[in-house]
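Chain residues, written in single-letter form:
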Amino acid sequence: MSSRERFFECVLNQDTDEYRLHVRAWNAKDAEEEARVSLHNSGVPDRGTLHIRDQKGVEILNASFAR
């Protein structure tokens, strides 16, 4: 297991909008939680799908997002 945090790209897709965040986390689940907090604190409205990608752009997790 790696002893360093990794970078993840988190993309929230909604009907007409897309939000991109880059976070550092231990794993994809932690990156998802970090993205959710950031999106909620920024007041991102409505619902969508949150995609978590590794540094190579490979999607490793996706989840529903609702405010």
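Our structure is the block above this text.
Every chain begins its residue count from 1, and numbering advances along the sequence as written. A pLDDT threshold of at least 70 governs which residues receive local features in this predicted model, and a stricter bar of 80 or more applies before side-chain atom pairs are shown or counted, although totals over entire chains, interfaces and linings include all residues. With hydrogens and water excluded, all non-hydrogen atoms of the structure serve as input to the side-chain values.

(A) A look at the side chain of Glu9. Strands here are runs of E lasting at least two residues and helices are runs of H or I lasting at least four, both read from the DSSP assignment and numbered beginning at the N terminus. Relative to the helices and strands, Glu9 is located in strand β1 (residues 6-13). Between buried and exposed lies partly exposed: a residue is buried under 20% and exposed over 50% of the maximum accessible area for its type, with that area taken using a 1.4 Å probe on protein chains only. The exposure class assigned to Glu9 is buried, which follows from its relative accessible area of 17%. Whether two residues touch is decided by their heavy atoms; if any such pair falls within 4.5 Å, the residues are in contact. Apart from residues lying up to four places away in sequence, Glu9 is in contact with Arg20, Leu21, His22, His51, Ile52 and Arg53.

(B) How the structure looks around the environment of Ser64. Relative to the helices and strands, Ser64 is located in strand β4 (residues 59-66). The spatial distance from the C-alpha of Ser64 to the C-alpha of His51 is 8.9 Å, given a sequence separation of 13 residues. Leaving out residues up to four positions away in the same chain, Ser64 has contacts with Arg36 and Gly48.

(C) Spotlight on the sheet that holds strand β3 (residues 47-53). Read across the sheet, four strands follow the order β2-β1-β3-β4 without closing on themselves; strand pairing throughout is antiparallel. Two strands lie at the open edges of the sheet, namely β2 (18-25) and β4, each paired on one side alone. Put simply, the sheet's adjacent strands are angled 20° from each other on average, direction ignored. The pairing of β1 with β3 spans five bridges and is antiparallel. Across the sheet, the residue bridging to Cys10 is Ile52, located in β3. For helices, the axis comes from a line fit to the C-alpha atoms of the stretch in contact; other axes are also lines fit to C-alpha atoms, and the angle between any two N-to-C directions lies between 0 and 180 degrees. Across the sheet, helix α1 (residues 28-41) touches β1, β2, β3 and β4, and the angle it forms with β4 is around 35°. Pairing between two strands is assigned when DSSP locates at least 2 bridges connecting them.

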